[in-house]
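Report on the structure
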Amino acid sequence: MDDESIRAFLQSRGVGVLGLPADGPPYLLPMSFGSDGEGTLFFTYVAGDRSEKRALTERATAASFLVFDAPSPFSWRSVVVRGPIERVPESEWDGISDDLSDGWRPAVFEAAVSDGGIAVYRLDIERQNGFEQSSLPPGYATE
């Protein structure tokens, strides 16, 4: 996929898998996200002070994020992005509110917003790869 296709794909999706560095295997978790369409993804965390997700993110210098759509074995798209991840100060939330609203929001977000139990992080995309398969492989028999 070229850069424009990757950008459009990211803007058309709302959920992916965030990979954070950990002491052992990477810490992977499904996350809702928003995109500014210019190379930055935004994540809203609902997590307490002792959250492993929050602690690993605060410690990380970079993260990976996978977004995919696979309606069949012969029709799929995936994008992997990598880059630094950092907390967005609350004073900047109004400026990115449109980007944040793009993500999928479970009901737990509503309660967390009123309790102040959320944090927003941004991943600035430094590397991106997109892959796409939209046809049967050569020589594949359909009958």
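**Considerations on the sheet that holds strand β8 (residues 118-124)**
What the four strands build is an open sheet, ordered β3-β4-β8-β7; its pairing is antiparallel. Edge positions in the sheet fall to β3 (34-35) and β7 (85-88), since each of these pairs with one other strand and no more. The pairing of β7 with β8 spans four bridges and is classified as antiparallel. The partner of Val88 across the bridge, within β8, is Val120.

**Some thoughts on the pairing of strand β6 (residues 75-83)**
Regular strands place side chains that alternate from one sheet face to the opposite one. The pairing of strand β5 (residues 63-72) with β6 spans eight bridges and is antiparallel. Note that in β6 the partner of Leu66 across the bridge is Val80. Taking the residues that link successive antiparallel strands as the turn, the β5-β6 hairpin has two residues. In terms of strand pairing, β6 meets strand β9 (residues 127-133) through seven bridges, oriented antiparallel. Looking at the pairing, Arg82 lines up with Arg127 of β9.

**Focus: the side chain of Ser35**
Tracing the chain through its elements places Ser35 in strand β3. On the basis of relative accessibility, which here comes to 7%, the residue Ser35 falls in the buried class. A distance of 3.1 Å separates a polar atom in the side chain of Ser35 from the backbone nitrogen of Gly37.

**Regarding the pattern of salt bridges**
By the definition in use, this model includes six salt bridges. Of the charged contacts in the structure, one is a salt bridge between Arg59 and Asp23, with a shortest N-O distance of 3.6 Å. Taken as a pair, Arg59 in helix α2 (residues 52-59) and Asp23 in the loop between β1 (15-20) and β2 (27-32) lie far apart in primary sequence, 36 residues in all. We classify Arg59 as partly exposed; its relative accessible area is 49%. Linking Glu58 and Arg87 is a salt bridge whose minimum nitrogen-to-oxygen distance equals 3.8 Å. With Glu58 in helix α2 and Arg87 in strand β7, the pair connects residues that are 29 residues apart, well separated along the chain. Taking the relative accessible area as the measure of exposure, Arg87 reaches 39% and is therefore partly exposed. Linked through salt bridges whose partners overlap, the residues forming this network are Arg13, Asp69 and Arg77.

**So, the confidence of the model for the protein chain**
Of all residues in the protein chain, 82% attain a pLDDT of 70 or more, and the chain-wide mean is 84. Taken as a whole, residues 104-114 scores under 50 in pLDDT and shows 13 contacts with residues more than four places along the chain or in a different chain.

**Details of the environment of Ser135**
Within the secondary structure layout, Ser135 lies in the segment after β9. For the pair Ser135 and Ser75, spaced 60 residues apart in sequence, the C-alpha to C-alpha distance is 6.3 Å.

Conventions adopted
- Residues numbered from 1 in each chain as written.
- Predicted model: local features only at pLDDT ≥ 70, side-chain atom pairs only at ≥ 80, totals over all residues.
- Heavy atoms only, no water.
- Pairing = 2+ DSSP bridges.
- Helix = DSSP H or I, 4+ residues; strand = E, 2+ residues; numbered from the N terminus.
- Buried < 20%, exposed > 50% of the residue type's maximum accessible area, 1.4 Å probe, protein only.
- Polar contact = N/O pair within 3.5 Å; in protein donor to acceptor, adjacent residues only side chain to side chain.
- Salt bridge = Lys/Arg side-chain N within 4 Å of Asp/Glu carboxyl O.
- pLDDT = per-residue confidence, 0-100.
- Contact = heavy atoms within 4.5 Å.

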